[in-house]
Amino acid sequence: MSEFSDLVARAVNPAMSRTEREAVYGVVKQAVARLQTRDGLTPDDPRIALQQHLVEETIRDVESDIARFLSFEKLERAHSAQMGAEKR
């Protein structure tokens, strides 16, 4: 599953808007659904629910990483501004 997570994480980046990232996640979900159909999984197959859960979990993890990254960037900017103000 880590290869899948890496693939999703590479498909999005913090510079994208939330809407753009949601569009990527939609494509990922569609691709998983096509793979499930190709593999002949029926709608009541428990593997579908598991795979959907793993996709949602991966998306949450990626969004969490992006939020952490953006927060760190904000902290760095605030720290730089503070240090610049103290030097004056």
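Up top is the structure.
Predicted model only: the values in this text are computed from it and were never measured. Residue indices begin from 1 for each chain and proceed along its sequence in written order. Totals for whole chains, interfaces and linings use every residue, but because this is a predicted model, local features are given only for residues with pLDDT of at least 70 and side-chain atom pairs only at 80 or more, for both listing and counting. To obtain the side-chain values, all non-hydrogen atoms of the structure were included, while hydrogens and water were left out.

**Q** An account of the overall build of the chain is requested, with residue identities and associated values reported.
**A** In terms of helices and strands, the chain carries three helices and zero strands. A helix here means a DSSP run of H or I that spans at least four residues, while a strand means a run of E at least two residues long, and both kinds are numbered starting from the N terminus. Put simply, the chain runs from its N terminus to its C terminus through helices and strands in the order α-α-α. The reference for a compact globule is 2.2 Å times residues^0.38; the radius of gyration itself is calculated from the C-alpha atoms. Radius of gyration (C-alpha) of the chain: 19 Å, far over the 12 Å computed for a compact globule of 88 residues. With respect to the principal axes defined by its C-alpha atoms, the chain has extents near 70 × 20 × 20 Å. Per-residue burial over the chain gives 20% buried out of 88 residues. In what follows, residue pairs with any heavy atoms lying within 4.5 Å of each other are defined as contacts. For the chain, restricting intrachain contacts to residue pairs at least 6 apart in sequence, the fraction spanning at least 24 positions comes to 62%. For the area figures, the Shrake-Rupley method with a 1.4 Å probe applies, and any residue is considered shielded solely by the protein chains shown. As presented, the chain carries roughly 6700 Å² of accessible surface, and 57% of it is formed by carbon and sulfur atoms. The buried label goes to any residue with under 20% of its type's maximum accessible area, the exposed label to any with over 50%, and the partly exposed label to all in between, with areas taken from a 1.4 Å probe on protein chains only.

**Q** Describe the environment of Met16, naming the residues involved and giving the relevant values.
**A** Residue placement: Met16 occurs in the loop between α1 (2-11) and α2 (18-38). Setting aside chain neighbours within four positions, we find Met16 in contact with Ala11, Arg21 and Val24.

**Q** Go over the nonpolar core, please, and point to the residues and values.
**A** Note on terminology: a nonpolar core comprises buried Ala, Val, Leu, Ile, Met, Phe, Trp, Tyr and Cys residues joined through side-chain atoms within 4.5 Å. Judged by nonpolar contacts, Val8, Val12, Met16, Val24, Tyr25, Val28, Val32, Val55, Ile59, Val62 and Ile66 together constitute the single largest core of 11 residues. Of all the secondary structure elements, the ones that give two or more residues to this core are α2 and α3 (46-87). Look past the residues within four positions of Ile59 in its chain and what remains in contact with it is Tyr25 and Lys29.

**Q** Could you give an account of α2, with specific residues and numbers?
**A** Working rule for helices: expected span equals 1.5 Å times residues minus one. Here α2 contains 21 residues, and its C-alpha end-to-end distance of 30 Å stays within 8% of the 30 Å for a straight helix at 1.5 Å per residue. Along α2, the residues that are buried comprise Arg21, Val24, Tyr25, Val28, Val32 and Gln36. The buried residues of α2 occupy an angular sector of 125° when the element is viewed end-on, so they sit on one face. Counted as exposed and oriented over 90 degrees from the buried face of α2: Thr19, Arg34, Thr37 and Arg38. Along its buried surface, α2 packs onto α1 and α3. The directions considered for the arc are those from the helix axis to the C-beta atoms.

**Q** Lay out the side chain of Arg21 in plain terms, naming residues and giving numbers.
**A** When you line up the elements, Arg21 lands in helix α2. We define a polar contact as two N or O atoms separated by no more than 3.5 Å, with the added condition that, inside protein, one atom must be a possible hydrogen donor and the other a possible acceptor, whereas residues neighbouring each other in sequence contribute only through side-chain atom pairs. A polar atom in the side chain of Arg21 sits 2.8 Å from the side chain of Glu63. Those residues in contact with Arg21, other than ones at most four positions away along the chain, are Val12, Asn13, Pro14, Met16, Glu63 and Ile66.

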